[in-house]
Amino acid sequence: MSDTASNIILLKQHLPSSVKLVAVSKTKSVSDILEVYNTGHRIFGENRVQEILSKKELLPLDIEWHLIGHLQSNKVKYIVPFISMIHSVDSFKLLRIIDAEALKNGRKVDCLLQFHIAKEETKFGFSPEEVTVMMESEEFRHFESVRLCGVMGMATFTDNEEQVRDEFRFLTECFKNLKTTYFSGDPDFTEISMGMSGDYKIAVEEGSTIIRIGSLIFGERL
Ligand SMILES: *Cc1c(COP(=O)(O)O)cnc(C)c1O
């Protein structure tokens, strides 16, 4: 068995069964992805639209593709026809465009609201205040083709575990507040996407329901 295959099998053995795994295959080859696919895994994450489109052509149709990176408005139309989940909805404007494209395609698109939880300036995402403004708006109530399934966030890239834990805790708080205030009767609003190779154990302890793992499965990216 290849290293890649044994990496994912081992990782899954140690995950609680309630936690979903997105295998993050960005920069990795189609044959690397097939090695993971052949273990039975079906959920793959990419952060660039062009990369998903070109890999998808060469891979089995039953792969569930998740977009985990920043999405530009003008690229929404290319992924809406097939994407299984967009983790990186980081503005009201983007959600509006996804809703319009999904309507045209006659499908509902599963989305997570990305919160800015890291101290770093560079990461994308909503603040809780911005999400509240969106939730309270008249326009939001008329969206019909996006299905909000929860939240996503990326912690600061640091060795300081307490800081990472605090940031994940904050995201779980944001999720719970949204759930009670706006989604208490909504069976689809269930997901907290947090945790990568370096911090997924802390994320799972803090309530993650979806982890996004690249290098622990595929090896370091060059
Ligand atoms: C690259 C990436 C990951 C996976 O990172 P690893 O450290 O390789 O596990 C997870 N989430 C997002 C948003 C990413 O861009």
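The residue numbering used here restarts from 1 in each chain and proceeds along that chain's sequence as written. Where local features are concerned, this predicted model is filtered to residues with pLDDT of at least 70; where side-chain atom pairs are given and counted, the filter is 80 or more; whole-chain, interface and lining totals use all residues. As a rule here, side-chain values come from all non-hydrogen atoms in the structure, and water together with hydrogens is ignored.

Caption draft 1: Representation of the site of the ligand. Proximity is defined per residue: if any heavy atom of the residue lies within 4 Å of a molecule or strand, that residue is considered near it. Within the structure, the ligand sits among V24, K26, I68, M154, M196, S197, R212, I213, G214, S215 and R221. Polar contact is defined as a pair of N or O atoms within 3.5 Å, subject to the rule that within protein one atom must be able to donate a hydrogen and the other to accept it, and that residues adjacent in sequence are counted only when both atoms are side-chain atoms. In this structure, an oxygen atom belonging to the ligand sits 2.7 Å away from a side-chain N or O atom of K26. In this structure, R221 approaches the ligand through a side-chain N or O atom, which is 2.8 Å from an oxygen atom. Only Asp, Glu, Lys and Arg are considered charged in this grouping, and only Ala, Val, Leu, Ile, Met, Phe, Trp, Tyr, Cys and Pro are considered nonpolar; every other residue, Gly among them, is considered polar. Of the residues belonging to the shell around the ligand, the class tally is five nonpolar, three polar and three charged.

Caption draft 2: Spotlight on helix α6 (residues 128-136). Those residues of α6 that fall on the buried side of the exposure criterion are V131, M134 and M135. Projected down its long axis, α6 shows its buried positions confined to an angular sector of 100 degrees, all on one face. Set apart from the buried face of α6 by more than 90 degrees, the exposed residues are E129 and V133. Residues count as neighbours in contact if any of their non-hydrogen atoms are within 4.5 Å of one another. Secondary structure elements are taken from DSSP: a helix is a run of H or I of four residues or more, a strand is a run of E of two residues or more, and numbering for both begins at the N terminus. Against α5 (92-105), β5 (109-115), α7 (138-141), β6 (146-153) and α8 (161-182) lie the buried residues of α6. Burial classes follow relative accessibility: with a 1.4 Å probe on protein chains only, a residue under 20% of its type's maximum area counts as buried, one over 50% as exposed, and anything between as partly exposed. By construction, the arc corresponds to the directions joining the helix axis to the C-beta atoms.

Caption draft 3: Seen up close, the pattern of salt bridges. Any carboxyl oxygen of Asp or Glu within 4 Å of a side-chain nitrogen of Lys or Arg constitutes a salt bridge here. Considering all chains together, one arrives at 14 salt bridges under this definition. Here R147 makes a salt bridge to D110, at a shortest N to O gap of 2.6 Å. Of this pair, R147 sits in strand β6 while D110 sits in strand β5, and the two are 37 residues apart along the sequence. Residue classification places R147 among the partly exposed positions, given a relative accessible area of 29%. Take D110: its relative accessible area is 19%, and that puts it in the buried class. The closest approach of N and O atoms between R141 and E138, which form a salt bridge, is 3.4 Å. Residue R141 and its partner E138 are both found in helix α7; the two are separated by three residues, about one turn of the helix. Accessibility expressed as a relative area gives 48% for E138, which makes it partly exposed. Via salt bridges that share partners, E162, R165, R169, E205 and E206 belong to a single interconnected network.

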